[in-house]
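# Examination of the molecular architecture
So you can see what is in the structure, the chains are spelled out below.
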Amino acid sequence: MVTVDQLYDYCNILDEAKDKISEHETEYLAILEGVKAGNQQKKLASQLIARYFKHFPKLAEQAINAHIDLCEDVEVEIRKHAIKDLPHLCKDMPEVLSRIADVLTQLLQSEDQQELLLVQSSLLTLFKADIKEALTGLFQQILNGDDVVRDRAIKFLCRKVRSLPDEIFTKEVEELILTESKKILQDCTGEEFHAFMKLLSGLKITASVQGRQGLVDIIVEQSDLDSEFNPADPDGIDRLVSCVKQATHLLSKNVPSSKFVAYICDHVLPSLSDVPSVEGTDTQLEMLRLFAELVTHCGDLEKGIERLTTIYDKLLEYMPLPPTDEKENGNLDSTDEPKFQFSQVECLMYAFHQIGRKHQEFLTAEANVDRLKDFKLRLNYFARGSQSYFKQLKTALTGKSAESLKSDENKIKVAAFKVMSNINQLIKDLLHVPPSYKCVISLSWKPVTKAVSAPASATAGTKRLSGGAGDSDATKNKMSKQQDRQLYAPPGGKYSEKAGNYREGGRGGRGFRGRGRGGYRGRGSFRSDYY
């Protein structure tokens, strides 16, 4: 067995050989044998293998394998020395860099924190030397490694690699990341999908219209829009909701949401009432809010009239006709106020308003006179029935300071005021003769930039809408600019029965599909620890 002194002797021989060092393969092979000796020999061999590696290309395979043996040694200190020295193998032989990156990626499974930090440091050294080759090795393990290695490699990619200086992320490098990521997304869990979409969204090549459209296409593929919607399948619902949330951040006039809108109209809305709530979340309301966000950027919609009819029919489910005596006498019995679900109506009425402006004949064509008459009855009834709640909100918010409006209770009231204000504007448009589609509103749950302040309309006089709905346009527009982002849960009892909170983040831990990762695995939500 080789000794420490012998290893130093071999080192001296190789140093003195200078230009003829490649003739001393015997000495280098003896150094490789040092990985089978004691701890001191192993530490020294680790340094010497890397030091002379470039001079013996014919022995490269043996040298790499010997060094890998040190990286897998039972002694953690030996492993640390080997891991630290491993990147030096690539210093003058870049052709082995992707393989070394592959090896280091596998070592990310270490449970020793200091060892793990050394692995990450060595990997970053490779990325700074040649990011393309290093990415090749890293992606190889993400695609083919076991679950632990894959999981940690994705975290490393999203956390550490993406934090490297922007100048190393050339167009060619970003295209490599995009190409390899697409392969991974063909078979991934929900949290992996979320992590990669965040990564890809940060690339310069995806900042263009074409790039964002490419990301939306990836999301559409993940959404599995060719399949039937099953309201009893929580994993399918989770996949659809998660994908839509990813897409909404990328949509615009030039990157339309038409495929999602068409799918929801055809498959989701007809069976929405069968979708159960999950983990305290009103899933039906969550899906309606996402649908409203989608229609904001909906382009030309095939079968527009048919799909508008679906939206209209679903809206009518939340907007009842007045009782018979109300229609005949024009009176609303204040002791029998209806139960309205304002949040749901805001979503569906907004969607109808957005799509309807492209198909105005839906209400105005001669053949649709009865439909318009019926709709106006419902609009007027809904508008009058909402006044009690609307007045309560105005009374509660009158004279409130900006500081007092920051309390949880008042935040809910301010958000509810925004919901009512939006509904009133939409009703005013639709009660116009003929129905109008001019008003522009900001959806009540979407964030705004200004801080909350006391609503001016709380102290000002208000002008009722035709048929008894809400505030004037000027007052409502002012209010819409003043509301802070709120998670609106309308009051229970007579005003709303099933409304719940809407969450921007992930929905539980159900995955997408494949690799044994699909289905709920108890791994938490779309975890933020990826980035």
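Residues numbered from 1 in each chain as written. Predicted model: local features only at pLDDT ≥ 70, side-chain atom pairs only at ≥ 80, totals over all residues. Heavy atoms only, no water.

## Re the overall build of the chain
Regarding its fold elements, the chain presents 23 helices and zero strands. Looking at the chain as a whole, 54% of its 531 residues qualify as buried. If you take every contact in the chain between residues at least 6 apart in sequence, the share linking residues at least 24 apart comes to 75%. Carbon together with sulfur atoms contributes 47% to the accessible area of the chain, which is approximately 23,800 Å² in total. (Helix = DSSP H or I, 4+ residues; strand = E, 2+ residues; numbered from the N terminus. Buried < 20%, exposed > 50% of the residue type's maximum accessible area, 1.4 Å probe, protein only. Contact = heavy atoms within 4.5 Å. Areas by Shrake-Rupley, 256 points an atom, 1.4 Å probe, with all protein chains shown as cover.)

## Points about the environment of Thr 398
Tracing the chain through its elements places Thr 398 in the loop between helix H21 (387-397) and helix H22 (408-431). A distance of 2.6 Å separates the side chain of Thr 398 from the backbone oxygen of Lys 394, its partner in a polar contact. (Polar contact = N/O pair within 3.5 Å; in protein donor to acceptor, adjacent residues only side chain to side chain.)

## Points about the packing of aromatic side chains
Applying the stated criterion across every chain yields a total of eleven aromatic pairs. A ring pair is formed by Phe 127 and Phe 156, whose centres lie 5.9 Å apart and whose planes are at 50°; its orientation type is tilted. Of this pair, Phe 127 sits in helix H7 (residues 113-129) while Phe 156 sits in helix H9 (residues 147-159), placing them 29 residues apart in sequence. Of the residues examined, Phe 156 reaches a relative accessible area of 3% and is grouped as buried. Relative to Tyr 381, the ring of Phe 340 has its centre 6.0 Å away and its plane inclined at 80°; by these criteria the two rings are edge-to-face. (Phe/Tyr/Trp six-rings, centres within 6.5 Å; stacked < 30°, edge-to-face > 60°.)

## What about empty space enclosed by the protein?
Using the criterion set out here, one finds three cavities of 30 Å³ or more in the structure. Considered as a void within the structure, the largest cavity measures approximately 80 Å³ in volume. Leu 240, Val 241, Val 244, Ile 264, Val 268, Leu 269, Leu 272, Met 287, Leu 288, Leu 290 and Phe 291 are the residues that line the largest cavity. Where the lining of the largest cavity is concerned, the elements lending two or more residues are helix H13 (234-248), helix H14 (258-268) and helix H15 (283-295). It is H15 that provides the largest number of residues to the lining of the largest cavity, a total of four residues. (1 Å grid on protein atoms, 1.4 Å probe; cavity = no way out; pocket = protein on both sides within 12 Å on 5 of 7 lines; lining within 4 Å. Points joined across faces, edges and corners; volume = space filled by probe spheres on them.)

## Digging into the packing of helix H20 (residues 369-385) against H22
For the pair H20 and H22, interaxial distance at closest approach is 10 Å and the crossing angle is 150°. Classed by the angle they form, the pair H20 and H22 counts as roughly antiparallel. Considering how the two elements wind past one another, H20 and H22 form a crossing that is left-handed. Contacts between H20 and H22 involve Phe 375, Lys 376, Leu 379, Asn 380, Phe 382 and Ala 383 from the first element and Ile 423, Ile 427, Leu 430 and Leu 431 from the second. (Axes fitted to C-alpha atoms, helices over the stretch in contact; angles between N-to-C directions. Parallel < 35°, antiparallel > 145°, perpendicular 65-115°, else oblique. Left-handed = near helix turned anticlockwise from the far one by under 90°.)

## Topic: the packing of helix H5 (residues 76-85) against H7
Axis separation between H5 and H7 bottoms out at 9 Å; the angle between their running directions is 10°. In terms of orientation, H5 lies roughly parallel with respect to H7. Between H5 and H7, the contacting residues are Val 76, Arg 79, Lys 80, Ile 83 and Lys 84 on the first element and Gln 114, Glu 115, Leu 118, Val 119 and Ser 122 on the second. Residues of the contact of H5 with H7, tallied by class, amount to four nonpolar, two polar and four charged. (Nonpolar A, V, L, I, M, F, W, Y, C, P; charged D, E, K, R; others polar.)

## Remarks on unusual backbone geometry
Residue Pro 434 is bonded to the preceding Val 433 through a cis peptide linkage, with omega at -10°. Tracing the chain through its elements places Pro 434 in the loop between H22 and helix H23 (473-482). The backbone of Glu 279 shows a phi angle near 50°, a positive value even though the residue is not glycine. By the secondary structure assignment, Glu 279 is in the loop between H14 and H15. Despite not being glycine, Lys 303 has its phi angle at roughly 55°, a positive value. Owing to a relative accessible area of 54%, Lys 303 belongs among the exposed residues under this scheme.

## Considerations on the pattern of salt bridges
This model, assessed by the stated rule, comprises 20 salt bridges. Put simply, Asp 73 and Lys 42 hold a salt bridge, and the shortest N to O gap is 2.7 Å. On the criterion of sequence distance, the pair formed by Asp 73 in the loop between helix H4 (60-71) and H5 and Lys 42 in helix H3 (residues 39-52) is long-range, its members being 31 residues apart. A salt bridge links Lys 446 to Glu 293, with the shortest nitrogen-to-oxygen separation between them at 3.3 Å. (Salt bridge = Lys/Arg side-chain N within 4 Å of Asp/Glu carboxyl O.)

## Side note on the nonpolar core
Judged by nonpolar contacts, the single largest core of 157 residues is most densely connected at Phe 127, Leu 135 and Phe 352. Counting residues per element, this core draws most heavily on H22, at ten residues. Contacts of Phe 352, omitting those with residues within four sequence positions, involve Leu 308, Ile 311, Tyr 312, Leu 315, Phe 362, Leu 363, Phe 375 and Leu 430. (Core = buried A, V, L, I, M, F, W, Y, C linked by side-chain atoms within 4.5 Å.)

## Some thoughts on the side chain of His 67
By the element assignment, His 67 lies in helix H4. Take His 67: its relative accessible area is 0%, and that puts it in the buried class. Excluding anything up to four places from it in sequence, His 67 contacts Ser 46, Ile 49, Ala 82, Asp 85, Leu 86 and Leu 89.

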